[in-house]
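# Coordinates in review
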Amino acid sequence: MEFNIETLVRENIKKMTAYSSARHEFTGAASIYLDANENSFGSPLPANYNRYPDPLQLTLKEKISQIKGIPVQNIFTGNGSDEAIDLLFRIFCEPGKDNVIIFPPTYGMYEVCAEMNDIKVKKVPLLEDFQLDLEGIEQAIDSNTKLIFVCSPNNPTGNSISRSDIEILLNNFDGLVIIDEAYINYAKQKTFIPELTEYPNLVILQTLSKAWGLAGLRLGMAFAGLPVISYMNKVKYPYNINTATQQLAIEALSNISSVNNWTKTTVEQREWLAEELGKLPFTQKIYPSDANFLLVKMTAAKLIYTYLTEKGIIVRDRSNVLLCNDCLRITIGTPDENNQLIERLKEYTA
Ligand SMILES: *Cc1c(COP(=O)(O)O)cnc(C)c1O
């Protein structure tokens, strides 16, 4: 198998000329900026919000580069991971012709983005143990398969996908393998970041929305080889990350210690919650989790979901999802929140 980005990218994307913004054409420092039709008087806000933001977010990427140990040129930052997912469809998948492969049950945005872009989704369900069906995948791949999405740790099942199985995909598929590591901070399994130099077809997604506690900021990251990142930069909106998000993300990325403490506590609480949930008479199964949530099989999950809602506790009802019959997905909260959840569940009588 030979990876060749030029045979993978859509013709219109190869041919198009990227938008060139004022801030793109001149990148040095000057004292008077009359090039971008901004309001030179200032802004009603204290910071430099009258100016357009850095289109390539270089200061932010330098910070990410230090933390993740990846060169700046291999980093894309987007309006959540969702922007990166959507861009990959728009760059690589020809509407009405190409297809992608996903492994349900998994994160919903892969399919939503595919439908939005008129791209066929081939579904190869996970096996009973929530691992990859390699034979099924081999059969599903055809000459128009461009992307394979691997969510690891997987949402909503919580488990990590076998590393050697992912390596088999990376070694044998000549399209892109996208590993969504949104929950990697909570996992025993290590990130695939060190493998980036080895696999030109690898794209890794991470986000500030989970362990970093910044879902409201909307900052997602994609790590990949330079050819892939260059196309993402070509196709993205010119100013996809606003000034406030860039500044706040830089600030947040300097506060690693509280994030590490939360992550540690979350993992401890996950084990505690699993143990307590296991004592309840209606709990049938607690699936092993490498994430900040637990997938729990319960008799009459829907009734329990409704009961908890009435008590002001909202969990995610996944009971209609493939392989997740009678399952609730419960996010790990603070120790106090987890305790309240268990107390309410102890009071539940069918
Ligand atoms: C929560 C989540 C994300 C995060 O998406 P953002 O757009 O970065 O907030 C990405 N992938 C998976 C699998 C998730 O569960």
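As a reminder, the structure under discussion sits directly above these lines.
A brief report on the enclosed structure follows. For clarity, every value in this text was computed on a predicted model and none was experimentally measured.

The next subject is the overall build of the chain. What the chain contains, in helices and strands, is 13 helices and 11 strands. Relative to the globule expectation of 20 Å for 350 residues, the C-alpha radius of gyration of the chain, 22 Å, shows essentially globular dimensions. Its C-alpha atoms put the chain at 70 × 55 × 30 Å along the principal axes. Counting across all 350 residues of the chain, residues that qualify as buried make up 50%. A sequence separation of at least 24 residues applies to 69% of the contacts in the chain between residues at least 6 apart. Surface exposure of the chain reaches about 16900 Å², of which carbon and sulfur atoms provide 52%.

Under the definition given, this model contains 8 aromatic pairs. Ring geometry for Tyr107 versus Tyr110: centroids 5.5 Å apart, planes at 75 degrees, classification edge-to-face. Judged by centre distance (5.1 Å) and plane angle (45 degrees), the ring pair of Phe130 and Tyr287 falls under tilted. Note that Phe130 is positioned in the loop between strand E3 (120–123) and helix H7 (134–140) and Tyr287 in the loop between strand E8 (283–286) and strand E9 (293–298), a separation of 157 residues in sequence. Taking relative accessible area as the criterion, Phe130 reaches 5% and is therefore assigned buried. Each residue in the set Phe89, Tyr107, Tyr110 and Phe149 is aromatic and connected to the rest through ring pairs, giving one cluster. If you follow Arg163 out to its NZ or CZ, it ends over the ring of Phe192, 4.1 Å from the centre. When the ring centre of Phe293 is taken as origin, the NZ or CZ atom of Arg329, which lies over that ring, is 5.6 Å away.

Before going further, it helps to spend a moment on the environment of Leu60. Its location among the elements puts Leu60 in helix H4 (residues 58–68). Considered as a pair, Leu60 and Leu253 are 193 residues apart in the sequence and their alpha carbons are 8.9 Å apart. Leu60 has contacts with Thr77, Leu219, Gln246, Ala249, Ile250 and Leu253, leaving out every residue within four places of it along the chain.

Roughly 680 Å³ of volume is contained in the largest pocket. Taken together, the elements giving at least two residues each to the lining of the largest pocket come down to helix H5 (81–92), helix H11 (256–278), strand E11 (327–331) and helix H13 (335–346). No other element matches the 3 residues that H11 contributes to the lining of the largest pocket. A breakdown of the residues in the lining of the largest pocket according to their chemical character gives 13 nonpolar, 14 polar and 8 charged. The two domains that each donate at least three residues to the lining of the largest pocket are domain 1 (8–254) and domain 2 (257–346). Counted as a void, the second largest pocket has a volume near 560 Å³.

The next point concerns the site of the ligand. Surrounding the ligand, one finds 13 residues, the nearest of these being Asp180, Tyr183, Thr207, Ser209 and Lys210. A distance of 2.9 Å is found between an oxygen atom of the ligand and a side-chain nitrogen or oxygen belonging to Asn155. Contact distances for the ligand include 2.7 Å between an oxygen atom and a side-chain N or O atom of Arg218.

About the cut-offs
Residues numbered from 1 in each chain as written. Predicted model: local features only at pLDDT ≥ 70, side-chain atom pairs only at ≥ 80, totals over all residues. Heavy atoms only, no water. Helix = DSSP H or I, 4+ residues; strand = E, 2+ residues; numbered from the N terminus. Rg over C-alpha atoms; globule rule 2.2 N^0.38 Å. Buried < 20%, exposed > 50% of the residue type's maximum accessible area, 1.4 Å probe, protein only. Contact = heavy atoms within 4.5 Å. Areas by Shrake-Rupley, 256 points an atom, 1.4 Å probe, with all protein chains shown as cover. Phe/Tyr/Trp six-rings, centres within 6.5 Å; stacked < 30°, edge-to-face > 60°. Lys NZ or Arg CZ within 6 Å of the ring centre and 35° of its normal. 1 Å grid on protein atoms, 1.4 Å probe; cavity = no way out; pocket = protein on both sides within 12 Å on 5 of 7 lines; lining within 4 Å. Points joined across faces, edges and corners; volume = space filled by probe spheres on them. Nonpolar A, V, L, I, M, F, W, Y, C, P; charged D, E, K, R; others polar. Domains from an automatic or database assignment. Near = heavy atom within 4 Å. Polar contact = N/O pair within 3.5 Å; in protein donor to acceptor, adjacent residues only side chain to side chain.

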